[in-house]
Amino acid sequence: MRRLYCDLHLRPNIRDFRQTTSMIRRAARLGYRLIAITLPRSPAEEESRRIRCACDEAGIDFATRVDLRPNTPNELIHDLRKLRREFEIVCVLCGSKDVSRQAAKDRRVDLINFPSVSFRERFFDLAEAELASNSLASFEIDMEPLLTSETPARIRLLSSLRRETSIADGFNVPIVVSSGASDERFIRKPTETAITTSLFGLERQRALDTVSENPARIARRNREKLSPSFVAPGIRVVRRGKNC
Amino acid sequence: MFEPKEFIDEVWSAIIKLYGEYGASLTWLGMIRYDMENRLAIIRVTNAASDMVRTAIATMTKISDKPASIHVIAVSGTIKALGERIRQYSDQPARAPFSGLKHSA
């Protein structure tokens with residue numbers, strides 16, 4: 001079966017509609033069938049509608065995404081309560097160990113991301129992976145820092161990623177590789193993104209899953225949960241009315 | 001527009017940065033053809049090193065200090081087949097909206 005390539009982390013400046021459209025078209029041309037664009041917590045209806053229209057014109061599916069950057073676990077819980085049903089993809093950008101532990105435990109979190117290139121601020125260790133393996137969280141890796149960082153920082157980042165992917169593999173935590181692109185020149189073809197993961201030790205089939213199967217599964221699962229007919233996992237409303 | 005030498009020097013530089021001089025020596029990298037007008041290039045590498053070179057190319061973000069991105073269109077063992085695939089890629093029609101995952105209303 002043909003793979004459905006997905007990029008779950010595009011970060012255009014959504015106020016610059018030209019740049020956003022350009023990135024959408026570039027992603028479509030490079031072979032992606034589903035993209036998720038980071039939106040602000042309270043996106044304007046008009047902005048979302050325009051982005052959706054641009055994606056429809058380009059022939060690409062669009063998922064809404066929010067990036068949470070809480071300072072404390074309680075703040076994360078509060079944000080999830082408020083925002084979970086508003087967005088299809090919820091990612092937590094973890095800046096502290098407490099927040100990353102809470103994010104890994106919480107079943108409302110789809111993606112855990114460590115934006116820092118410094119190994120001191122990356123907390124994806126064995127304990128984190130064990131927590132994530134018992135919930136629905138996937139470990140997200142963005143390509144843009146790899147492309148933009150210079151030699152000493154990039155070497156350390158690659159070492160960290162190699163260790164983290166090995167830990168994620170050990171606990172069967174799904175890995176999702178996204179572009180994290182804020183500009184269209186940082187978007188790569190899905191096969192090129194998959195090949196680049198060889199730098200931190202992913203073998204070919206697993207690498208292709210990180211840009212296809214793993215992100216698509218997250219989108220599918222959340223769309224089912226957010227649909228009006230969803231009641232609970234495995235239970236949905238088939239028909240409503242007096243004589244059903 | 002970039003000159004062929006600027007382009008290939010940048011590819012070498014990306015390979016050396018990632019894999020060092022030893023890694024670069026395994027690639028047998030060479031430029032076959034460069035079409036400045038259409039911004040297309042055909043380069044030759046050894047089969048064993050093709051993934052390495054593709055990875056290095058994926059990490060390129062500039063050429064001669066000017067922002068750029070390089071995408072690998074096709075990989076083939078013969079130049080004739082490569083030319084055909086490049087032609088197919090250039091003639092690709094705009095995609096019809098697909099009916100895979102549908103967004104919620």
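What you see as residue numbers is a count from 1 along each chain, following the sequence as written. Each chain gets a letter, beginning with A, and each ligand a number, beginning with 1, in the order they are written. The predicted nature of this model means local features are confined to residues of pLDDT at least 70 and side-chain atom pairs, given and counted, to a pLDDT of 80 or more, with totals for whole chains, interfaces and linings taken over all residues.

Chemist: Can you help me understand the overall build of chain B in this one?
Modeler: Broken down by element type, chain B carries three helices and four strands. Taken from N to C terminus, the helices and strands of chain B fall in the order α-β-β-α-β-β-α. Here the C-beta atoms are placed from the backbone, and a residue counts as buried if at least 20 other C-beta atoms lie within 10 Å of its own, exposed if 12 or fewer do, and partly exposed otherwise. Looking at chain B residue by residue over its 105 residues, the buried ones come to 15%. When contacts within chain B are restricted to residue pairs at least 6 apart in sequence, those whose partners lie at least 24 apart make up 44%. Numbering of helices and strands runs from the N terminus; a helix is a DSSP stretch of H or I covering at least four residues, while a strand is a stretch of E covering at least two. Think of it this way: build a C-beta for each residue from its backbone, and any pair within 7 Å is a contact.

Chemist: Mind showing me how you'd approach the overall build of chain A here?
Modeler: Within chain A, the regular secondary structure consists of ten helices and nine strands. For 244 residues, the compact-globule estimate of 2.2 N^0.38 gives 18 Å, and chain A sits close to it at 18 Å. For chain A, with 244 residues in total, the buried portion stands at 47%. Sequence-distant contacts in chain A: of pairs separated by 6 or more residues, those separated by 24 or more amount to 71%. C-alpha atoms define the radius of gyration, and 2.2 Å times the number of residues to the power 0.38 defines the globule rule.

Chemist: I'm lost on the interface of chain B and chain A in this one. Help?
Modeler: Interface size is often expressed as the accessible area that is lost when the parts come together. In this assembly, 20 residues from chain B lie in contact with 28 residues from chain A. At four residues, helix α2 (residues 50–58) of chain B tops the list of elements feeding residues into the side of chain B that touches chain A. We call Asp, Glu, Lys and Arg charged. Ala, Val, Leu, Ile, Met, Phe, Trp, Tyr, Cys and Pro are nonpolar, and the rest, Gly among them, are polar. Here the residues of the side of chain B that touches chain A are counted per class, giving eight nonpolar, eight polar and four charged.

Chemist: I tried to follow the nonpolar core on my own but got confused; where do I start?
Modeler: In this usage, the nonpolar core is the set of buried Ala, Val, Leu, Ile, Met, Phe, Trp, Tyr and Cys residues whose C-beta atoms join them within 7 Å. Ranked by internal contacts, the top residues of the largest apolar core, which has 83 residues, are Ile35, Ile89 and Ile112 of chain A. The residues touching Ile112 of chain A, leaving out its near neighbours within four places in the chain, are Val92, Cys94, Ser100, Ala103, Ala104, Ala132, Ala137, Phe139 and Glu140 of chain A.

Chemist: Just to check I follow, could you spell out the pairing of strand β4 (residues 89–93) of chain A for this structure?
Modeler: Residues in a regular strand project their side chains so that they alternate between the two faces of the sheet. Residues and elements named next belong to chain A. With four of five residues buried, β4 is to be regarded as a mostly interior element. We treat two strands as partners when DSSP finds at least two bridges between them. In this sheet, β4 lies alongside strand β3 (residues 61–68) in parallel orientation, the contact comprising four bridges. Counterpart to Leu68 in the pairing with β4 is Val92. Each parallel crossover has a hand, and the one from β3 via helix α3 (residues 73–83) to β4 is right-handed. Note that β4 and strand β5 (residues 111–113) share three bridges and pair parallel. Each bridged residue has a counterpart across the sheet, and for Val92 the counterpart in β5 is Ile112. Viewed with both strands pointing away, a crossover whose connecting path from the first strand over the helix to the second turns clockwise is right-handed. As a crossover connection, the stretch from β4 through helix α4 (residues 97–105) into β5 is right-handed.

Chemist: Honestly, unusual backbone geometry in this entry has me stumped. Any pointers?
Modeler: Trans peptide bonds make up most of the peptide bonds, and negative phi angles are found at most residues other than glycine. For Asn172 of chain A, which is not a glycine, the phi torsion comes out positive at approximately 55°. Position of Asn172 of chain A among the secondary structure elements: in the loop between α7 (151–170) and β7 (175–178). Asn172 of chain A gets classed as exposed once you count the C-beta atoms within 10 Å, which come to 9. One non-glycine residue, Trp28 of chain B, adopts positive backbone phi at about 50°. Take Trp28 of chain B: it is sitting in the loop between α1 (4–25) and β1 (30–35). C-beta crowding within 10 Å serves as the criterion here: with 12 such atoms nearby, Trp28 of chain B is assigned to the exposed category.

Chemist: How do you make sense of the sheet that holds β5 of chain A when you look at a structure like this?
Modeler: Residues and elements named next belong to chain A. Ordered in space as β1-β2-β3-β4-β5-β6-β7, the seven strands form an open sheet in which the pairing is parallel. In this open sheet, the two edge strands, each paired with only one partner strand, are β1 (6–10) and β7. Here the strands of the sheet are splayed against their neighbours by 30° on average, with no regard to which way each runs. An axis is simply a line fitted to the C-alpha atoms; with a helix, the fit covers only the stretch in contact. Between two such axes, the angle follows the N-to-C directions and lies from 0 to 180 degrees.

Chemist: Just to check I follow, could you spell out α1 of chain B for this structure?
Modeler: Residues and elements named next belong to chain B. The span expected for a helix works out to 1.5 Å for each residue beyond the first. Look at α1: only 20 Å from first C-alpha to last across 22 residues, short of the 32 Å you get at 1.5 Å a residue. Helix geometry: α1 is bent most strongly at Tyr19, by close to 120°. For α1, the full list of buried residues reads Phe7, Glu10, Val11, Ala14, Ile15, Leu18 and Ala24. Where the residues of α1 are buried, they touch β1, β2 (40–44), α2 and β3 (62–63). What we call the bend at a residue is the angle made by axes fitted to the seven residues finishing there and the seven residues starting there.

Chemist: Where do I start with the packing of α4 of chain A against helix α5 (residues 126–133) of chain A in this structure?
Modeler: Angle between the axes and distance between the axes are the two parameters that describe a pair of packed helices. Residues and elements named next belong to chain A. Orientation of α4 relative to α5, taken along the N-to-C sense of each, is 25°, at an axis distance of 7 Å. Relative to α5, the element α4 is oriented roughly parallel. Contacts between α4 and α5 involve Ser100, Arg101, Ala104 and Lys105 from the former and Glu128, Leu131 and Ala132 from the latter. Here the residues of the contact of α4 with α5 are counted per class, giving three nonpolar, one polar and three charged. The labels follow the angle: roughly parallel below 35 degrees, roughly antiparallel above 145, roughly perpendicular from 65 to 115, and oblique for the rest.

Chemist: Would you explain the confidence of the model for chain B in this entry?
Modeler: Low-pLDDT stretches of the model should not have their predicted coordinates read in fine detail. When pLDDT is averaged across chain B, the result is 84; 86% of the residues are at 70 or more. As scored by the predictor, the complex reaches a pTM of 0.88 and an ipTM of 0.82. pLDDT expresses how confident the predictor is about each individual residue, on a scale running from 0 to 100.

Chemist: When you look at the packing of α1 of chain B against α2 of chain B in this model, what are you seeing that I'm missing?
Modeler: All names here are of chain B. Relative to each other, α1 and α2 sit at 130°, their axes nearing to 8 Å. When the axis of α1 is compared with that of α2, the two are oblique. Here α1 and α2 pass one another in a crossing that is right-handed. Counted together, Val11, Ala14, Ile15, Leu18, Tyr19 and Gly23 of α1 and Met52, Val53, Thr55, Ala56 and Ile57 of α2 form the full contact between these two elements. By definition, turning the near helix anticlockwise from the far helix through less than a right angle yields a left-handed crossing, and turning it clockwise yields a right-handed one.

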